[in-house]
Amino acid sequence: MSVPQGAPQGVIPTQLLKGQKALVTGGNSGIGKATAIGLGRAGADVVVNYVAGREAAEQVAEEISGFGVRAAAYEADVSQEDQVVAMTQRMVEEFGTVDILVANAGLQRDAPFTKMTTAQWQKVLDVNLTGQFLCAREATKEFLRRGVVPEVSRAAGKIICMSSVHQLIPWAGHVNYAASKGGVQMMMTTLAQELAPRRIRVNAVAPGAIRTPINRSAWDTPDAEQDLLQLIPYGRVGDPEDIAHAVVGLASDLMDYVVGTTLYVDGGMTLFPGFATGG
Ligand code: BGC
C-alpha cells in the first residue's frame, strides 16, 4: 500500500493567529523552529528564543518575517530566572505583549541509571521543567496584566508546554528526561486548573518520535528507522511540522474550550503497539 509520507504541507490557515504575539523557547532548531515558523505562517508575530546558535535563530526569524509578520531572535537561558524575566520584559516592550507561550526548550542527557551524574540529572530538570515553570510564570504575569482583548483572542493567554510521550511511557536510560516530562504533565494540569478562571488556557503537546537533532541516532540509518517504526503504528516517523500543526491549533480560538489537555502527536506510539499481537 502506498501512503503519503511526511507531515502534510500547506495546511495552516494564514489568518488564524493574526495580531497575536508568540514566544517560542528553543525556537532555533527542531520542533521549536518548525513551531515558530508555523505560528508565523498562521499570522502571529513571533519571538524566537535561543540559548546557543544565534545565527540559526536569526534565520528562523528572517523566514518568519517573509510571511509579512514581525519576528525577532532573543537570547536567554530558560533555566535562569533573571534571563527569563529580562526576555519577557523585552518582548512586552518591543512587541507590546505576549499572547502565546510555547514552552518548548528541552534537552536530553542520557545515561544508565547508576552512571547518571547529578549534573546530568540537574541539567535536564533545570531546562525541561524549571525552564517551563519560569517562562510560564513570567508570561502569566503579562496575561493577567493585559487581560482579555476580544478582538485578538477569547483567552487572556495561551501556554503550550512541550512534553513528550515519556510523560507516560517509562524510558530506561533516560530517567532524568522521563522525570522532567512527568513533571511537566502535572505542572501543566495544575496551572490549567489554577489559571482557567482567569481565562488563561494551559495545555501540552506530547510528541512521539520526531525527526530532529535530539534523536538523530534513532532514525538516521535505515536499520535504526526500521526499529523505530516498530513503535509507531501509523508507520512513519514524525516531522517537526506535525508538532507545529498541533501547537498552532491549540493556540488558536478554534480550540478555545480545550483546557488542561495533553495532545499526543505520536503516530500512535502511546497505544502500546506491542500489544497489537501479544498480551
Ligand atoms: C525524545 C526522543 C524520542 C521520542 C520517542 C522524545 O521525547 O526526545 O529522543 O525519540 O521521545 O521515544
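See above for the structure.
Now for a look at the structure at hand. Only a predicted model underlies this, so the values are computations on that prediction, with no experimental measurement involved.

## Observations regarding the packing of helix α4 (residues 118-146) against helix α5 (residues 175-195)
Point 1. Look at α4 against α5: their axes get within 8 Å of each other, and the N-to-C directions meet at 15 degrees. Compared by their axis directions, α4 and α5 come out roughly parallel. When you trace α4 past α5, the crossing you get is right-handed. Side by side, α4 and α5 meet where Q120, W121, V124, L125, N128, L129, Q132, F133, A136 and T140 of the first sit next to V175, N176, Y177, A179, S180, K181, G183, V184, M187, L191 and L195 of the second.
Point 2. Class assignment of the residues belonging to the contact of α4 with α5 gives a composition of 13 nonpolar, seven polar and one charged.

## Looking at the site of the ligand
Point 1. Around the ligand, the structure places Q108, S164, H166, W171, Y177, G208, A209, I214, N215 and M269.
Point 2. Measuring from an oxygen atom of the ligand, one finds a side-chain N or O atom of Q108 at 2.6 Å.
Point 3. Contacts to the ligand include N215, whose side-chain N or O atom sits 3.2 Å from an oxygen atom.
Point 4. Compared with its free state, where it exposes 310 Å², the ligand has 90% of that area covered by protein.
Point 5. Judged by the fraction of its atoms near the pocket grid, the ligand is located in the largest pocket.
Point 6. Counted by class, the shell around the ligand contains five nonpolar, five polar and no charged residues.

## Let's talk about the state of the cysteines
Note on terminology: a disulfide is the covalent bond linking the sulfur atoms of two cysteines.
Point 1. Overall, the coordinates contain zero disulfides when judged by the stated rule.
Point 2. We note that C135 lacks a disulfide partner, and the nearest cysteine sulfur, in C161, lies 10 Å from it.

## Digging into helix α6 (residues 222-229)
Point 1. Three or more residues of α6 are buried, namely A224, L228 and L229. Considered in projection along α6, the buried side chains sweep an arc of 135 degrees and stay on one side of the axis. Relative to its buried face, α6 has exposed residues pointing more than 90 degrees away, namely P222, D223 and D227.

## Some words on a nonpolar patch on the surface
Point 1. Side chains of F113, W121 and V175 sit close together on the surface and give an oily, nonpolar patch of about 310 Å² of accessible area.
Point 2. Structurally, the position occupied by W121 is in helix α4.

## Remarks on the pairing of strand β4 (residues 100-103)
Point 1. Side chains I100 and V102 project from β4 onto one buried face, and the interleaved L101 and A103 project onto a second face that is buried too.
Point 2. As judged from the three bridges shared by strand β1 (residues 21-24) and β4, these two strands associate in the parallel manner. By the bridge assignment for β4, A22 is matched with I100.
Point 3. As paired strands, β4 and strand β5 (residues 157-162) are joined by four bridges and run parallel to one another. Residue pairing across strands places V102 opposite I160, the latter belonging to β5.

## Thoughts on the layout of surface pockets
Point 1. Its boundaries defined by the atoms lining it, the largest pocket holds a volume of some 1,000 Å³.
Point 2. Contributing elements (two or more residues each) for the lining of the largest pocket: α1 (30-41), β2 (45-50), α4 and α5.
Point 3. Quantified by volume, the second largest pocket comes out at close to 270 Å³.
Point 4. Q9, A34, I37, R41 and E241 are the residues nearest the centre of the second largest pocket, which is lined by 15 residues in total.
Point 5. Every element with two or more residues in the lining of the second largest pocket is listed here: α1 and α7 (240-251).
Point 6. It is α1 that contributes the most residues to the lining of the second largest pocket, six residues altogether.
Point 7. Looking at the lining of the second largest pocket residue by residue, the class counts come to six nonpolar, five polar and four charged.

## Considering the sheet that holds β5
Point 1. On the basis of which strands lie adjacent, the open sheet formed by seven strands has the order β3-β2-β1-β4-β5-β6-β7 and parallel pairing. Each having just a single partner strand, β3 (71-75) and β7 (262-265) make up the two edges of the open sheet. On average, adjacent strands in this sheet sit at an angle of 20 degrees to one another, irrespective of strand direction.
Point 2. Where β2 lies against β3, five bridges are found, and the strand directions are parallel.

Rules of the game
- Residues numbered from 1 in each chain as written.
- Predicted model: local features only at pLDDT ≥ 70, side-chain atom pairs only at ≥ 80, totals over all residues.
- Heavy atoms only, no water.
- Axes fitted to C-alpha atoms, helices over the stretch in contact; angles between N-to-C directions.
- Helix = DSSP H or I, 4+ residues; strand = E, 2+ residues; numbered from the N terminus.
- Parallel < 35°, antiparallel > 145°, perpendicular 65-115°, else oblique.
- Left-handed = near helix turned anticlockwise from the far one by under 90°.
- Contact = heavy atoms within 4.5 Å.
- Nonpolar A, V, L, I, M, F, W, Y, C, P; charged D, E, K, R; others polar.
- Near = heavy atom within 4 Å.
- Polar contact = N/O pair within 3.5 Å; in protein donor to acceptor, adjacent residues only side chain to side chain.
- Areas by Shrake-Rupley, 256 points an atom, 1.4 Å probe, with all protein chains shown as cover.
- 1 Å grid on protein atoms, 1.4 Å probe; cavity = no way out; pocket = protein on both sides within 12 Å on 5 of 7 lines; lining within 4 Å.
- Sits in = over half its atoms within 2 Å of the grid points.
- Disulfide = S-S within 2.5 Å.
- Buried < 20%, exposed > 50% of the residue type's maximum accessible area, 1.4 Å probe, protein only.
- Arc of directions from axis to C-beta.
- Patch = residues over 30% accessible without salt bridge, like charges linked within 9 Å, V, L, I, M, F, W, Y side chains within 5 Å.
- Salt bridge = Lys/Arg side-chain N within 4 Å of Asp/Glu carboxyl O.
- Pairing = 2+ DSSP bridges.
- Points joined across faces, edges and corners; volume = space filled by probe spheres on them.

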